[in-house]
Amino acid sequence: GLWGLYKGMGAPLAGVTPIMAMTFFGFSLGKKLQQTHPQEKLRAHQVFIAGGLSGLCTAIIVVPAERIKCLLQAQANSAQKRFSGPVDCARQLFQEMGLRSLYRGTVLTLLRDIPATGVYFMSYELMKEKMTPHGGRVSDLSVARILLAGGVAGICNWIVAIPMDVLKSRFQTAPESRYRRVADVFREVLRDEGPRGLYKGFTAAMLRAFPANAACFLGFEVSMKFLNWLFPDG
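Within each chain, residues carry numbers counting from 1 in the order of the written sequence. Only residues with pLDDT of 70 or above have their local features reported here, since the model is predicted, and side-chain atom pairs are shown and tallied only from 80 upward, although totals for entire chains, interfaces and linings are computed over all residues. Note that water and hydrogens are dropped before the side-chain values are worked out from all heavy atoms of the structure.

1. Quick notes on the packing of aromatic side chains
Convention followed: Two rings from Phe, Tyr or Trp (for Trp, the six-membered ring) form a pair when their centres are within 6.5 Å of each other. A pair whose planes differ by under 30 degrees is stacked, one over 60 is edge-to-face, and the rest are tilted. Starting at the N terminus, helices and strands are each numbered in turn, a helix being any DSSP run of H or I of at least four residues and a strand any DSSP run of E of at least two. Using a 1.4 Å probe on the protein chains alone, a residue whose accessible area is under 20% of its type maximum counts as buried, one over 50% counts as exposed, and one in between counts as partly exposed. Any Lys NZ or Arg CZ found within 6 Å of a ring centre and within 35 degrees of that ring's normal is scored as a charge over the ring.
In total, this model carries 11 aromatic pairs according to the counting rule given. Between Phe24 and Phe121 the ring centres are 5.6 Å apart and the planes differ by 85 degrees, which places this aromatic pair in the edge-to-face class. Of this pair, Phe24 sits in helix H1 (residues 10–34) while Phe121 sits in helix H5 (residues 106–131), placing them 97 residues apart in sequence. Here Phe121 falls in the buried class, since its relative accessible area comes to 1%. Summarising the aromatic geometry, the rings of Phe226 and Trp229 are spaced 6.0 Å apart at their centres and angled 35 degrees between planes, so their arrangement reads as tilted. Separated by three residues within a single helix, Phe226 and Trp229 lie in helix H8 (residues 202–230), roughly one turn from each other. Of the aromatic side chains, those joined through ring pairs into one cluster are Phe24, Phe27, Tyr120, Phe121, Tyr124, Phe217 and Phe220. Sitting above the plane of the Phe171 ring, Arg104 keeps its charged end 4.1 Å from the centroid.

And the structure:
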């Protein structure tokens, strides 16, 4: 039924606030580390680096959250129900192999998130620049243009992320003994499904990417304007 579309949403829902907070914190930190003064405008490759740092910062929360989500989604198609929910899943994983089990797939998550998040923020900033009228300010862009920039950034992010996301999901849901190394899952996908196997779920990801990330960046921009109004000297 309809509930099947939301299988495994408990873990990402619980983690979405700290993940997004860490994402934008990491991006802000990455920019500050490269700026000589607060108003310095960064080049595209510097924005990419700042975004990559953001992807690195979020891994500590993203990896266990997605490990739990993937396992719950995988068992939805199985006759045997091993986990009753996200908390039970986390408890069982920890009891079996400790933190190591919760953080299974960390390398693949980093290989996905560092470049993808770099492209995410770089494409967003470039889109905002392109849509800013000559002599205007980026901060004065309309809601429609912010939504467009955020949506395009989401699509760019997932174009880069999908191959590693496919490998990560398969690695995280497989039995511990199935893959000895990260490269094993890559070879298996290419052997069984060819290069197209790396883009499984592409259409679904694209349908989600635009509206979800358009809303995300609009929320961020509105929040920043509100905080700047509330704390003008902050």
